[in-house]
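Here is how the chains run, residue by residue.
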Amino acid sequence: MTNRQAPSAEFGAVLQRARGTAGLTQEQLSGLSTVSVRAIRNLERGQVGRPRKDTVRLLADAMRLSDTRRATLELAVEGASTSTALRDVYSAEFASPPTPLGSLFGRESELRALGDLLGSERERLVTIVGLPGVGKSRLAQEAALQVHAQSGTPVLWLAMDRLEDAPAHAPGRPQAALVSWVRSLISEGGDADELASLIGDKATLLVLDGHEVSPAASPALLHLLHSCKRLKVLVTSRRSNHVPGGRVLPLAPLPTTCEPGAAALPPLPGDSLTANRPAVELMLSYVSHMRPDLLLTDSVTATVAEVCEALDGLPQALEAAASWLLLYSLDQLLATARARPMALVDGPSPFSSDSAATLGSLLAAAVDELRPPQQALLTGAMSLDSPWTVDDAARALGIPAPEAAQGVHALLLRGLIRQLPAEPGRAARPSRFAVLHLVRGLVTGGRAADESAAPFAAHLLAGGAA
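Residues numbered from 1 in each chain as written. Predicted model: local features only at pLDDT ≥ 70, side-chain atom pairs only at ≥ 80, totals over all residues. Heavy atoms only, no water.

**Student:** Account for the overall build of the protein chain, with residues named and values stated.
**Tutor:** Within the protein chain, the secondary structure is distributed over 22 helices and seven strands. In the protein chain, which comprises 466 residues, the share counted as buried stands at 47%. For the protein chain, long-range pairs separated by at least 24 residues make up 74% of all intrachain contacts whose partners lie at least 6 apart in sequence. With the model as given, the accessible surface of the protein chain reaches about 22,900 Å², and the carbon-plus-sulfur share is 53%. (Helix = DSSP H or I, 4+ residues; strand = E, 2+ residues; numbered from the N terminus. Buried < 20%, exposed > 50% of the residue type's maximum accessible area, 1.4 Å probe, protein only. Contact = heavy atoms within 4.5 Å. Areas by Shrake-Rupley, 256 points an atom, 1.4 Å probe, with all protein chains shown as cover.)

Structure, rendered in structure tokens:
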């Protein structure tokens, strides 16, 4: 029978090297970590079968190990080197991306386009960009699942905007430490030769979810792309950090019942109210869970559609707004969505976390990060009657049309404005645009667009302002 508690010479050697690099004696490390000198001596001699996680954490903290060195130490607890752990990626269930919790609404065309890019031999670096809460991670999940299912390509998913991952790995497997190690290579830099040699010519999809730094600023990532010819990298980001040779896929909010600035559609019976309007379908799913007592009649569906339009079809905004149905009626929800949409997005919600950045603060950051000419264009566009064209914006600001076109392009990539569908039979006409209602609310300070809703909006804000 194999003894699972066999002494770990691997861990002892790694610990001794780390202590030497930190310039600490065993006595000094003991004093800093509260781990006894005898325990440290036994660990370094390989006389402890499996060190406890708390002990490893105390030692790593005392030596102030970087993420890379900490991951190496944690991997050694399992008697695994980074080489062994990385090879596991190509042979186990770890090769699949995280399993989504819900269905994907209304992203068929985007998913098809992303699948084509990831399936092409020519495209190896693809970035999904868009507003916070628009669904970039969810789209990346679906695309990665398709790639894995269709070709068996292993997927290494790194949540770059979170310190810890919680993948459903088997107990005792060192994948969590591996993810931490690879993520630190990408974000902090380091020697990527070992990772490059192990990936080699094997087909691999690396997903960097929430990576807000330009890939060009990560030497390790560029080294991997140059060294591993069958490696593909999929990035989700709020910023369009274009890299020569890379492809950018902008992700707009979900289509609403009535596009901003377009004429309202007459209510129609039955499923026609949700056909080709995924924002309404998504919001109805929230409504049915929050208010199962509400019958989804045509009248209810039409009101939900207007809420979706007021909130621009932004998935996270729709979810936050639906939580208010525990307190308010649909008509009250619509009145506030029109008057003060940010009151619904950032008010108290059972789904919000005190420590998490609010959607409103993330949207405000997207506006604040614009360059002055882009901010001027955004402000000028809000004074125009929607929908407007590039020429309209150029005339309003008194700038050349090419300069206006560059600004509109930047705002589109940021997701702060949206391109409206071409009118039937008028495909040759210039493209038309509109500023998102949520963005208008941020820039103008949330002035009420519907004075009749102001009393309720004031009550809502007074009861739930942060």
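There is more to say after this.
**Student:** Any details on the pattern of salt bridges? Residues and values, ideally.
**Tutor:** For side chains bearing opposite charge, pairing can occur when the charged atoms are close. Evaluated as defined, the whole model comprises 12 salt bridges. A salt bridge links R238 to E212; the shortest N-O distance between them is 3.9 Å. With R238 in the loop between β4 (231–237) and β5 (247–250) and E212 in the loop between β3 (204–209) and α11 (219–227), the pair connects residues that are 26 residues apart, well separated along the chain. Residue class for E212 comes out partly exposed when judged on its relative accessible area of 21%. Across the salt bridge formed by R414 and E369, the nearest N and O atoms sit 3.0 Å from each other. Residue R414 is located in helix α20 (residues 401–414), and its partner E369 is located in the loop between α17 (359–368) and α18 (372–382); the two are separated by 45 residues in the primary sequence. You can call R414 buried: its relative accessible area is 16%. Where salt bridges share partners, they join E212, R238, R239, E369 and R414 into one cluster. (Salt bridge = Lys/Arg side-chain N within 4 Å of Asp/Glu carboxyl O.)

**Student:** Requested: an account of the side chain of S33, with residues and values cited.
**Tutor:** The residue S33 is located in helix α2 (residues 26–33) in this model. Its relative accessible area of 1% is what places S33 among the buried residues. Engagement of the side chain of S33 in a polar contact is seen with the backbone nitrogen of V35, the distance being 3.2 Å. Once you skip the residues sitting within four places of it in the chain, S33 turns out to touch I40, L58, L59 and A62. (Polar contact = N/O pair within 3.5 Å; in protein donor to acceptor, adjacent residues only side chain to side chain.)

**Student:** So, the packing of helix α1 (residues 9–22) against helix α4 (residues 53–63): which residues are in play, and what are the values?
**Tutor:** Look at α1 against α4: their axes get within 10 Å of each other, and the N-to-C directions meet at 25°. Here α1 lies roughly parallel to α4, going by the angle between them. At the point where α1 passes α4, the crossing takes the left-handed sense. Of the residues in α4, those in contact with F11, L15, A18, R19 and A22 of α1 are V56, L59 and M63. Split by residue class, the contact of α1 with α4 holds seven nonpolar, no polar and one charged. (Axes fitted to C-alpha atoms, helices over the stretch in contact; angles between N-to-C directions. Parallel < 35°, antiparallel > 145°, perpendicular 65-115°, else oblique. Left-handed = near helix turned anticlockwise from the far one by under 90°. Nonpolar A, V, L, I, M, F, W, Y, C, P; charged D, E, K, R; others polar.)

**Student:** So what's going on with the nonpolar core? Which residues, and what values?
**Tutor:** Side chains of nonpolar character tend, in soluble globular proteins, to be buried together. Of all hydrophobic cores here, the largest spans 71 residues; its most connected members are L114, L234, M283, V304, L378, W388 and L416. The element best represented in this core is helix α12 (residues 278–290), accounting for seven residues. When neighbours within four sequence positions are excluded, L114 is seen to be in contact with V126, I128, L139, A143, L234 and L249. Counting 25 residues, the second largest nonpolar core, distinct from the first, contains L156, L158, L195 and V235. (Core = buried A, V, L, I, M, F, W, Y, C linked by side-chain atoms within 4.5 Å.)

**Student:** I'd love a proper account of the environment of P402, names of residues and values included.
**Tutor:** By the secondary structure assignment, P402 is in helix α20. P402 sits in the exposed class, given a relative accessible area of 57%. Considered as a pair, P402 and V390 are 12 residues apart in the sequence and their alpha carbons are 8.8 Å apart.

**Student:** Tell me what's going on with the pairing of strand β1 (residues 125–129), and back it up with residues and numbers.
**Tutor:** Successive side chains on a regular strand alternate, one facing one side of the sheet and the next facing the other. With five of five residues buried, β1 lies mostly within the body of the structure. Burial along β1 is two-sided: the residues L125, T127 and V129 and V126 and I128 are all buried. Summarising the sheet, β1 and β4 pair through five bridges and their orientation is parallel. Residue pairing for β4: V129 is matched across the bridge by S237. Note: β1 against β5, four bridges, orientation parallel. (Pairing = 2+ DSSP bridges.)

**Student:** Tell me about the sheet that holds β3, and please be specific about residues and values.
**Tutor:** If you walk across this open sheet you meet the five strands as β2-β3-β4-β1-β5, and the pairing is parallel. Each edge of the sheet is formed by a strand with only one pairing partner; in this case those strands are β2 (155–159) and β5. Taking each pair of neighbouring strands and ignoring which way they run, the sheet shows an average axis angle of 15°.

**Student:** Before we move on, could you go through helix α13 (residues 298–310) and cite the residues and values that matter?
**Tutor:** Helix length check: α13 (13 residues) gives 19 Å between terminal C-alpha atoms against 18 Å at 1.5 Å per residue, within 8%. Of the residues making up α13, those classed as buried are V300, T301, T303, V304, A305, V307, C308 and A310. Check the buried side of α13 and you find it contacts α12, α14 (315–323), α15 (330–339), α16 (341–346) and α21 (437–443). Following α13 by one or two positions, D312 adopts a phi angle in the positive range, close to 65°. (Expected span 1.5 Å × (residues − 1).)

**Student:** Before we move on, can you summarise the environment of E281 with the specific residues and values?
**Tutor:** Here E281 lies in helix α12. Residues E281 and F105, 176 residues apart in the sequence, show an inter-C-alpha distance of 7.6 Å.

**Student:** Explain the packing of α2 against helix α3 (residues 37–44) to me, using residue names and the numbers behind them.
**Tutor:** Close contact between α2 and α3 brings their axes to 9 Å; oriented N to C, the two are set at 120°. In terms of orientation, α2 and α3 fall into the oblique class. Classified by chirality, the crossing of α3 by α2 is right-handed. For the pair α2 and α3, the contacting residues are Q26, E27, L29, S30 and S33 in the first and V37, I40, R41 and E44 in the second. The class makeup of the residues in the contact of α2 with α3 is three nonpolar, three polar and three charged.

**Student:** I'd like a rundown of the pairing of β2, residues and numbers included.
**Tutor:** With respect to burial, β2 is a largely interior element, five of its five residues being buried. Burial along β2 is two-sided: the residues V155, W157 and A159 and L156 and L158 are all buried.

**Student:** I'd like a rundown of the confidence of the model for the protein chain, residues and numbers included.
**Tutor:** Mean pLDDT over the protein chain: 80, with 78% of residues reaching 70 or higher. Scored below 50 in pLDDT, residues 163–174 shows 16 contacts in the model against residues more than four places distant or in partner chains. Note on residues 349–354: pLDDT is under 50 here. Beyond four places in sequence and across chains, it has six contacts. (pLDDT = per-residue confidence, 0-100.)

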